[in-house]
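Tertiary structure, described
One-letter residues, chain by chain:
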Amino acid sequence: MVEDVKSVKGDVLPRSSSDLLDDDGRPKRTGTVWTTSAHIITAVIGSGVLSLAWAIAQLGWVAGPVAMLLFSFVSYYTSTLLASCYRSGDPVTGKRNYTYMDAIHSNLGGVKVKLCGIVQYVNLFGTAIGYTIASAISLIAIQRTTCQHNNGGKEECPVNGNAYIMGFGLLQILLSQIPDFDQLWWLSLVAAVMSFGYSTIGLGLGISKLVENKEIKGTLTGVSIGTVTPTEKMWRTFQALGNIAFAYAYSMIFVEIQDTLRSPPSEEKTMKKAALVSVAVTTFFYTLCGCVGYAAFGESAPGNLLAAGGFTNPFWLLNIANLAILIHLVGAYQVYAQPIFAFVEKRASKMYPESKFVTKEIEIPLFSGSKPFNFNFFRLVWRTAFVITITLISMLMPFFNDVVGLLGAIGFWPLTVYFPVEMYIAQKNVPSWSSRWVCLQVLSLVCLIVSLAAAAGSVVGIVSKIKTYKPFESDF
């Protein structure tokens, strides 16, 4: 026995399985409050930042920053509720929930699981539309900015964006055929670099414009009556709330990020700290970007800070920023579309297990020594049809701010507020009509009203633009 021990390299006893595996049999998790905060920040900061200057312009110097702070507080508070639902039962030794849907199933079950699934897939579908529109707008901006630079700004350089929307759709058809494209290890790294890149460029250009103006533009109440009608002011205010809500949308991936944490201390305690750090950093950055953009442009703040004509120089820096947006959204589109692909394909294989069209995988060799490409006819037809549908809808209503506002409204109340509140009540056995239960329900009701108002404002915006927009013909 002594000889056996000595034979171990370095005279160290081999580690037991408990040193290598967590309590669920999976490899030991190594996440900390700092790595988790970084994951949340990189997941949150994205294309939503582009519309914040416009949103604050609708609300003004008082309501704009206040709305940003209120949304950040609600996001943080409901995140702490969601953190309590990572484990079912005991917060230290209870069963782990690996995804948001797992937590819904464990804590609520029944029809609420299906309801959550519907909301999630509608949100994912809508986000794919939003990303298609945003990508085309960035490509249009690159062409227009270059054109204006070449002619010295003497011409407006109108651009028809349908070709760019179709080109983006064609690229997504090709990428969608790659199984598990969203799982490529480098994808999140590229997305993080790109999103921070274009957000920082937007902030820097805003500060430069502010210095150039030598004044802080904007008013206490935002876009004034006269510039818009009282009715338009109301709807645009509601839509602005949806734009802000979209910028804070990260609840769907919150549980997955929490599942990377090591313990002890308990995942719940660490995640609450990470939520505080990440929401504080994100809110500071968002408020800075939105307020600087509004201070620089005032009531004329563009709907898309980098691509809607707000900035014209330096044209090369603008082109780099818009190229970064494009690169980010190419990958992000697949990240949001893959869960829909997987859901439909899984259901189809269960319904038609004998169908070769649905289930047969054909291995196609690519390069010597590389894995063969798995080709499936159903995957080709279904994913192509999905992307074509998204592309057509994007061409029919390419309205960035309105679509972003609607997406924020659709996802904010159910995913950020309602389900976390209901899961927390079930997890902690909060008695009905107790003071805590009443406060939670009031919070949920208020956020529902805000979401409905934001959705109404965005729908009105879409309808009003459709009346004058000519599909497949209008220039941007």
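Not measured: the values here are computed from a predicted model.

A word on the overall build of the chain. Scanning the chain for helices and strands turns up 16 helices and 4 strands. Against the compact-globule benchmark of 23 Å for 476 residues, the chain has a radius of gyration of 24 Å, which places it among compact chains. Each principal axis of the C-alpha atoms in the chain carries an extent, and together these give about 85 × 65 × 50 Å. Of the accessible surface of the chain, which amounts to about 22,800 Å², a share of 68% is contributed by carbon and sulfur atoms. Both charge centroids of the chain, one from 35 positive and one from 29 negative side chains, sit 3 Å from each other.

Moving on: the confidence of the model for the chain. Across the chain, pLDDT averages 84, with 92% of residues at or above 70. When pLDDT is averaged over each element of the chain, helix α4 (residues 52-83) comes out on top at 93 and helix α1 (residues 2-6) at the bottom at 43. Counting contacts from residues 1-14, a segment whose pLDDT is below 50, to residues more than four positions away or on other chains yields 3 contacts.

Here helix α5 (residues 100-107) crosses helix α6 (residues 111-150) at 160 degrees, and the two axes come no closer than 9 Å. Between α5 and α6, the crossing angle belongs to the class labelled roughly antiparallel. Remark: the crossing between α5 and α6 carries right-handed chirality. Packed against α5, whose contacting residues are Y100, M101, I104 and H105, the element α6 presents K112, V113, C116, G117 and Q120 at the interface.

Given 3.6 residues to a turn, an α-helix orients residues that are three or four positions apart in the same direction. Between its terminal C-alpha atoms helix α3 (residues 33-44) stretches 16 Å, which fits the 16 Å expected from 12 residues at 1.5 Å a residue. In this structure, the buried side of α3 is in contact with α8 (187-213), α9 (230-247), α10 (251-258) and α11 (267-297).

Right, let's get into the side chain of N97. Position of N97 among the secondary structure elements: in the loop between β2 (95-96) and α5. Among the polar contacts listed, one links the side chain of N97 to the backbone oxygen of C85, at a separation of 3.0 Å. At a separation of 3.2 Å, a polar atom in the side chain of N97 contacts the side chain of S88. Leave out the neighbours within four places in its chain, and N97 touches C85, Y86, R87, S88, D102, A103, S106, N107 and V255.

Under the counting rule described, the total for this entry stands at 18 aromatic pairs. Summarising the aromatic geometry, the rings of W413 and Y418 are spaced 4.9 Å apart at their centres and angled 35 degrees between planes, so their arrangement reads as tilted. Members of the aromatic cluster, joined through ring pairs, are F125, F341, W382 and F386.

Their axes nearest at 8 Å, the elements α8 and helix α12 (residues 315-351) cross at an angle of 145 degrees. In this structure, α8 meets α12 at a crossing whose hand is left-handed. Residue-level inspection shows L187, V190, A191, M194, S195, Y198, I201 and L205 of α8 in contact with α12, the latter providing L317, L318, I320, A321, A324, I325, I327, H328, G331 and V335. By residue class, the composition of the contact of α8 with α12 is 15 nonpolar, 3 polar and no charged.

What follows deals with a nonpolar patch on the surface. Side chains of V62, V66, L70 and L220 sit close together on the surface and give an oily, nonpolar patch of about 380 Å² of accessible area. Mapped onto the fold, V62 is located in helix α4.

So, about the environment of R379. Residue position: R379 is located in helix α14 (residues 377-396). For the pair formed by R379 and V344, sequence separation is 35 residues and the distance between their alpha carbons is 9.6 Å. Excluding anything up to four places from it in sequence, R379 contacts Q177, P179, E345, E361, N374 and T384.

Right, let's talk about the pattern of salt bridges for a bit. Here the structure, examined in full by the defined rule, presents 7 salt bridges. E267 is the partner of R87 in a salt bridge, and the nearest nitrogen-oxygen pair spans 3.0 Å. Here R87 is found in strand β1 (residues 87-88), whereas its partner E267 is found in helix α11, with 180 residues between them in sequence. For R87, a relative accessible area of 2% corresponds to the buried category. A salt bridge links D402 to K465, with the shortest nitrogen-to-oxygen separation between them at 2.7 Å. Taken together, the residues span a long stretch of sequence, with D402 in helix α15 (residues 400-428) and K465 in helix α16 (residues 435-468) at a distance of 63 residues.

Attention shifts here to a positive patch on the surface. A surface patch of positive charge is lined by K114, K346, R347 and K350. Sort the elements by how many residues they give to the positive patch and α12 lands first, with 3 residues. Among the secondary structure elements, R347 is positioned in helix α12.

To continue, consider the nonpolar core. Y198, I244, F254, Y286, L306, Y333 and F386 are the most contacted members of the largest nonpolar core, which totals 112 residues. Apart from residues no more than four positions distant in its own chain, I244 is found in contact with L52, A55, L59, A67, M68 and F71.

Now for the side chain of E268. Inspection of the secondary structure assignment puts E268 in helix α11. A residue is classified by how much of its surface remains accessible, and E268, at 13% relative accessible area, is buried. One polar contact links E268 to S84, side chain to side chain, over a distance of 3.0 Å. Setting aside chain neighbours within four positions, we find E268 in contact with A83, S84, P91, Q258 and K428.

The rules behind these values
Residues numbered from 1 in each chain as written. Predicted model: local features only at pLDDT ≥ 70, side-chain atom pairs only at ≥ 80, totals over all residues. Heavy atoms only, no water. Helix = DSSP H or I, 4+ residues; strand = E, 2+ residues; numbered from the N terminus. Rg over C-alpha atoms; globule rule 2.2 N^0.38 Å. Areas by Shrake-Rupley, 256 points an atom, 1.4 Å probe, with all protein chains shown as cover. Lys, Arg positive; Asp, Glu negative; His and termini not counted. Charge placed at Lys NZ, Arg CZ, Asp CG, Glu CD. pLDDT = per-residue confidence, 0-100. Contact = heavy atoms within 4.5 Å. Axes fitted to C-alpha atoms, helices over the stretch in contact; angles between N-to-C directions. Parallel < 35°, antiparallel > 145°, perpendicular 65-115°, else oblique. Left-handed = near helix turned anticlockwise from the far one by under 90°. Expected span 1.5 Å × (residues − 1). Polar contact = N/O pair within 3.5 Å; in protein donor to acceptor, adjacent residues only side chain to side chain. Phe/Tyr/Trp six-rings, centres within 6.5 Å; stacked < 30°, edge-to-face > 60°. Nonpolar A, V, L, I, M, F, W, Y, C, P; charged D, E, K, R; others polar. Patch = residues over 30% accessible without salt bridge, like charges linked within 9 Å, V, L, I, M, F, W, Y side chains within 5 Å. Salt bridge = Lys/Arg side-chain N within 4 Å of Asp/Glu carboxyl O. Buried < 20%, exposed > 50% of the residue type's maximum accessible area, 1.4 Å probe, protein only. Core = buried A, V, L, I, M, F, W, Y, C linked by side-chain atoms within 4.5 Å.

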